[in-house]
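Chains, contacts and geometry: an overview
For reference, the chains in residue letters:
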Amino acid sequence: MDEKKLRGAGEIVYRILTWVFMGTAFLLLMPVFSVLGGVLLPEPLYWLGFIIVPVFYFSLLYCGFKSRIRKDIIVDPVRNSRVQSVLIWCGAAQFVFAIFEIVAAKWQINYFFGFDTDYFLLVLLLVAAILTGIFLPFKKHAKGMNFAADGIISGVIINLLVWAFNPVTYDYQGEKLPANYKMPASMQTRFFPDGAYNFEVNGQSMAFANSAEWSCNVSEKDFEIFRKKHGYNFVLNRTDVNEDSNIGPLHYSDDTWPKPYYFYNNRHANGGGLTLRYSVPEQKLYGRYSNR
């Protein structure tokens, strides 16, 4: 491809990214100004603020965006700008990461073999963005730094929203937990004894909410080591379990539970906490946890 065609292709990519960045910034600001509009106007007109103020603001913003696009010409004399290019591609990398996080959470994609964090991918994307900006830079534009700021700030906000509202599921059934199982290692240590097998786990993590329900087979010897290691004060053959309304899925009638069994319940005022039951005849540990 000759230099003229390469320059034309680069300009198309640049324009696409700038419109994506501006459009995203536009949408992210909309709820902010809708709320401000409702707060600024007194009753009974406050509801108009949710409409009038955002429409007025975004009309001005749209005109500003169009003006910025028109003024975003290639600087004369024409030359490459690696700084602008790296920043723009770093913004694009954050968008790609957010999309991947949403898709991966929905389809339960195991991102990395043996790695315990998704953010390894973000590092790879940012490295790729930096290398692309250095070796395939865009031409320097008059408003390039403005668009780069739009992309980076919007990308950070989108990833924070994805982290807060896109749940990571712990659902799993299998003989052994996989090396890249999504539940944090600290939770696995607290919930699953060494030597456990035949896992059935349901649960999810979203923002500051974390919950899980599970069962797994474990020998009495490994169970004893587990409860002593964590200081869990189990009660043997407890018969008043139905008096505790916070037990949730472990509130079956005592008559239906094979005996003997060990029971541990540490619920908090906010409804969160940990409940465990170990069935001796089944050689099976049942658990329920939530942090709120």
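Residues numbered from 1 in each chain as written. Predicted model: local features only at pLDDT ≥ 70, side-chain atom pairs only at ≥ 80, totals over all residues. Heavy atoms only, no water.

1. What about the overall build of the protein chain?
Worth spelling out the cut-off: Think of it this way: any DSSP run of H or I at least four residues long counts as a helix, any run of E at least two long counts as a strand, and we number them from the N terminus. Classification of residues uses two cut-offs on accessible area relative to the type maximum, computed with a 1.4 Å probe and protein chains only: under 20% is buried, over 50% is exposed, and between them is partly exposed. Contact between two residues is taken to exist if any of their heavy atoms lie within 4.5 Å; hydrogens are not considered. Surface exposure here means Shrake-Rupley accessible area, sampled with a 1.4 Å probe, where a residue is shielded only by the protein chains that are shown.
From N to C terminus, the protein chain includes 7 helices and 8 strands. Counting the 292 residues in the protein chain, one finds 38% classified as buried. Long-range pairs, those at least 24 residues apart, make up 64% of the contacts in the protein chain with a sequence separation of at least 6. Summing over all exposed atoms, the protein chain offers an accessible surface of approximately 16,700 Å²; the carbon and sulfur share of this is 64%.

2. Here's the deal with the packing of helix α3 (residues 82-107) against helix α5 (residues 144-165)
We apply this condition: Note on method: axes are straight lines fitted to C-alpha atoms, helices fitted across the in-contact stretch only, with angles between N-to-C directions ranging 0 to 180 degrees. Geometric relationships in this document are graded by angle, where less than 35 degrees denotes roughly parallel, more than 145 denotes roughly antiparallel, 65 to 115 denotes roughly perpendicular, and other angles denote oblique. Take the far helix as your reference; a near helix turned counterclockwise from it by less than a right angle gives a left-handed crossing, and one turned clockwise gives a right-handed crossing. Amino acids are sorted into nonpolar (Ala, Val, Leu, Ile, Met, Phe, Trp, Tyr, Cys and Pro), charged (Asp, Glu, Lys and Arg) and polar (every other residue, Gly among them).
Put simply, α3 and α5 touch, their axes get as near as 8 Å, and they point 20 degrees apart. Overall, the two elements α3 and α5 adopt an arrangement that is roughly parallel. Considering the relative orientation of α3 and α5, their crossing is left-handed. Two secondary-structure elements touch here, α3 through V83, Q84, L87, I88, G91, Q94, F95, F97, A98, E101 and I102 and α5 through G144, M145, A148, G151, I152, S154, G155, V156, I158, N159 and V162. In terms of residue class, the contact of α3 with α5 is made up of 13 nonpolar, 8 polar and 1 charged.

3. Describing the nonpolar core
The condition that has to hold: Grouping buried Ala, Val, Leu, Ile, Met, Phe, Trp, Tyr and Cys residues that are joined through side-chain atoms within 4.5 Å yields what is termed a nonpolar core.
Core analysis: the biggest nonpolar cluster contains 25 residues, and M183, W214, L276 and L285 have the highest contact counts within it. Of all the secondary-structure elements, those providing two or more residues to this core are α6 (185-191), β3 (197-206), β4 (209-217), α7 (220-230), β6 (261-267), β7 (273-279) and β8 (284-290). Residues contacting L285, with those up to four places away along its chain left out, are F191, P193, W214, S215, C216, V218, F223, F226, L276, R277 and Y278.

4. Side note on the pairing of β8
Using the following cut-off: Two strands make a pair as long as DSSP finds a minimum of two bridges between them.
The buried fraction of β8 amounts to 7 of the 7 residues, a majority that puts the element mostly inside the structure. Because side chains alternate across β8, one face comprises the buried residues K284, Y286, R288 and S290, and the other comprises L285, G287 and Y289, equally buried. Sheet analysis places β4 next to β8, joined by 7 bridges and oriented antiparallel. Paired with N217 across the two strands is K284, which belongs to β8. Note: β7 against β8, 7 bridges, orientation antiparallel. Residue G273 lies in a different strand from β8, and its bridge partner there is S290. In textbook terms, the turn of a hairpin is the stretch between consecutive antiparallel strands, and for β7 and β8 this stretch comprises 4 residues, one of which, Q283, has a positive phi near 55 degrees.

5. What to know about the pattern of salt bridges
The cut-off we apply is this: Any Lys or Arg side-chain nitrogen located within 4 Å of an Asp or Glu carboxyl oxygen qualifies as a salt bridge.
This structure, assessed with the given rule, holds 3 salt bridges. Note that R227 and E224 form a salt bridge whose closest N and O atoms lie 3.0 Å from each other. With a gap of 3 residues between them, R227 and E224 both fall in helix α7, about one helical turn apart. The exposure class of E224 is partly exposed, given its relative accessible area of 23%. Sharing partners across several salt bridges, the network here consists of E11, R15 and D72.

6. Considerations on a nonpolar patch on the surface
To keep things clear, this is the line we draw: A patch is a set of surface residues, each over 30% in relative accessible area and not in a salt bridge, joined within 9 Å for like charges and within 5 Å for the nonpolar side chains Val, Leu, Ile, Met, Phe, Trp and Tyr.
A surface patch of nonpolar side chains, amounting to about 640 Å² of accessible area, comprises V123, V127, I130, L131, I134, F135 and L136. Along the polypeptide, V127 turns up in helix α4 (residues 119-135). Given a relative accessible area of 42%, V127 falls into the partly exposed group.

Read these as layout, nothing more, since geometry by itself doesn't imply function.
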